[in-house]
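Observations on chain architecture
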Amino acid sequence: AQSVTQLDSQVPVFEEAPVELRCNYSSSVSVYLFWYVQYPNQGLQLLLKYLSGSTLVKGINGFEAEFNKSQTSFHLRKPSVHISDTAEYFCAVNPWGSARQLTFGSGTQLTVLP
Amino acid sequence: AAGVIQSPRHLIKEKRETATLKCYPIPRHDTVYWYQQGPGQDPQFLISFYEKMQSDKGSIPDRFSAQQFSDYHSELNMSSLELGDSALYFCASSLGRGSNSPLHFGNGTRLTVT
């Protein structure tokens, strides 16, 4: 079984400041890793994914994440946030070779303040 | 680009009533997934279909059933509704059911049971 831990449930940050949203996972097998964003009253939108290769993954809206296998982490970063980045962010994993059953973390509410 | 369409967007039902949620996947996507997201919770996998056959089953109550039709749209049928069924129900689709193919989510159906 897999589990995902997002250590921060709420992250307030001022506009144009950098931000890091933390994600750690636990799995007995190798996994694919994803970050999704959910804007109010909307569905989940894929930000980025790590499948293989370079451990630094770039996604949409200026976000990037780094896969660290030894620390089983996949933290999401943005060097300068905008008001429009205010949303809930979910980290998710899926084991290699399995049919799709994403396991989500509990989410991090990012609030960008003016 | 076409996205996953869910209908209705909002649904209000009374206890013990039935509800049907519909999902229209992205064209050419052959796999559909249903997730339930309770208030302040992360999405929980309910069930998935690949090529019109059930692929995986998660934490779907026995009171719920789902199917995928010949045009690949899917319906989630919920009977004997309970207050605890109030949640946001997401449908997602993908091309193939490999664990590395990203899910594309709809905007969800918000079900309120009174």
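So, here is what we can say about the structure in this document. Bear in mind the structure is a predicted one, so any value in this text is a computation, not a measurement.

**Considerations on the overall build of chain A**
Scanning chain A from terminus to terminus reveals zero helices and 12 strands. In sequence order, the secondary structure elements of chain A are arranged as β-β-β-β-β-β-β-β-β-β-β-β. Its C-alpha atoms give chain A a radius of gyration of 14 Å, within 12% of the compact-globule value 13 Å for 114 residues. In terms of principal-axis extent, the alpha carbons of chain A reach across some 45 × 30 × 20 Å. Among the 114 residues that make up chain A, the fraction classed as buried is 44%. Long-range pairs, those at least 24 residues apart, make up 56% of the contacts in chain A with a sequence separation of at least 6. Accessible surface for chain A amounts to roughly 5,300 Å². Of this, 51% is attributable to carbon and sulfur atoms. Computed over 7 positive and 8 negative side-chain charges, the separation of the two mean positions in chain A equals 11 Å.

**Some words on the environment of Asn 94 of chain A**
Inspection of the secondary structure puts Asn 94 of chain A in strand 10 (residues 87-95). Taking the C-alpha atoms as reference points, Asn 94 of chain A and Ser 27 of chain A, 67 residues apart in sequence, are found 9.4 Å from one another.

**Description of the nonpolar core**
Counting residues in each nonpolar core, the largest one holds 28 residues, and the members touching the most others are Leu 33, Trp 35, Leu 47, Leu 48, Phe 74, Leu 76 and Tyr 89 of chain A. Elements represented by at least two residues in this core include exactly strand 2 (10-14), strand 3 (19-21), strand 5 (31-38), strand 6 (44-50), strand 8 (64-68), strand 9 (73-78), strand 10 and strand 12 (108-113) of chain A. Apart from the residues lying within four places of it in its own chain, the contact partners of Leu 48 of chain A are Leu 33, Phe 34, Trp 35, Val 57, Lys 58, Gly 59, Phe 63, Glu 64, Ala 65, Phe 74 and Leu 76 of chain A. Counting 22 residues, the second-largest nonpolar core is a separate cluster that includes Leu 11, Ile 26, Val 32 and Tyr 89 of chain B.

**Some thoughts on the pattern of salt bridges**
Working definition: two side chains of opposite charge can pair if their charged atoms are close together. Considering all chains together, one arrives at eight salt bridges over all chains under this definition. Linking Asp 8 of chain A and Arg 22 of chain A is a salt bridge whose minimum nitrogen-to-oxygen distance equals 2.9 Å. Separated by 14 residues along the polypeptide, Asp 8 of chain A in the loop between strand 1 (3-5) and strand 2 and Arg 22 of chain A in the loop between strand 3 and strand 4 (24-26) bring together distant segments of the chain. Residue classification places Arg 22 of chain A among the partly exposed positions, given a relative accessible area of 32%. The partner of Lys 22 of chain B in a salt bridge is Glu 75 of chain B, and the shortest N-O contact between them spans 4.0 Å. Of the two residues, Lys 22 of chain B sits in strand 3 (residues 19-24) while Glu 75 of chain B sits in strand 8 (residues 74-78), which places them 53 residues apart along the sequence.

**Thoughts on the sheet that holds strand 3 of chain B**
Residue and element names in this part refer to chain B. If you trace the four strands from one edge of the open sheet to the other, you get 1-3-8-7, paired in antiparallel fashion. Strands at the two margins of the open sheet, each flanked by one partner only, are strand 1 (5-7) and strand 7 (64-68). Each adjacent strand pair in this sheet contributes to an overall mean axis angle of 15°, direction not counted. As paired strands, strand 1 and strand 3 are joined by three bridges and run antiparallel to one another. When the bridges of strand 3 are listed, Ser 7 appears paired with Lys 22.

Parameters and conventions
Residue indices begin from 1 for each chain and proceed along its sequence in written order. Lettering for chains starts from A, numbering for ligands starts from 1, and both go in the order in which the items are written. The predicted origin of the model limits local features to residues at a pLDDT of at least 70 and limits the giving and counting of side-chain atom pairs to 80 or more, whereas totals for whole chains, interfaces and linings rest on all residues. Note that the side-chain values use all heavy atoms of the structure and ignore hydrogens as well as water. The secondary structure listing takes helices from DSSP runs of H or I that are at least 4 residues long and strands from runs of E that are at least 2 residues long, numbered from the N terminus. In this treatment the radius of gyration is a C-alpha quantity, and the globule benchmark scales as 2.2 Å times the residue count to the 0.38 power. Any residue under 20% of the maximum accessible area for its type is buried, any over 50% is exposed, and the rest in between are partly exposed; the area is computed with a 1.4 Å probe on protein chains only. Here, two residues are considered to be in contact whenever any of their heavy atoms come within 4.5 Å of each other. Residue exposure ignores everything except the shown protein chains as possible cover, and the areas themselves are Shrake-Rupley values with a 1.4 Å probe. All tallies of charge rest on Lys and Arg as positive and Asp and Glu as negative; His and the ends of each chain are not included. Every charge is mapped onto a representative atom, which is NZ of Lys, CZ of Arg, CG of Asp or CD of Glu. Here, nonpolar core refers to any group of buried Ala, Val, Leu, Ile, Met, Phe, Trp, Tyr and Cys residues whose side-chain atoms link them within 4.5 Å. Salt bridges are counted wherever a side-chain nitrogen of Lys or Arg sits within 4 Å of a carboxyl oxygen of Asp or Glu. Pairs of strands are assigned from DSSP output, requiring at least two bridges between the strands. Convention adopted: a line fitted to C-alpha atoms gives each axis, helices being fitted over their contacting stretch, and angles between N-to-C directions are expressed from 0 to 180 degrees.

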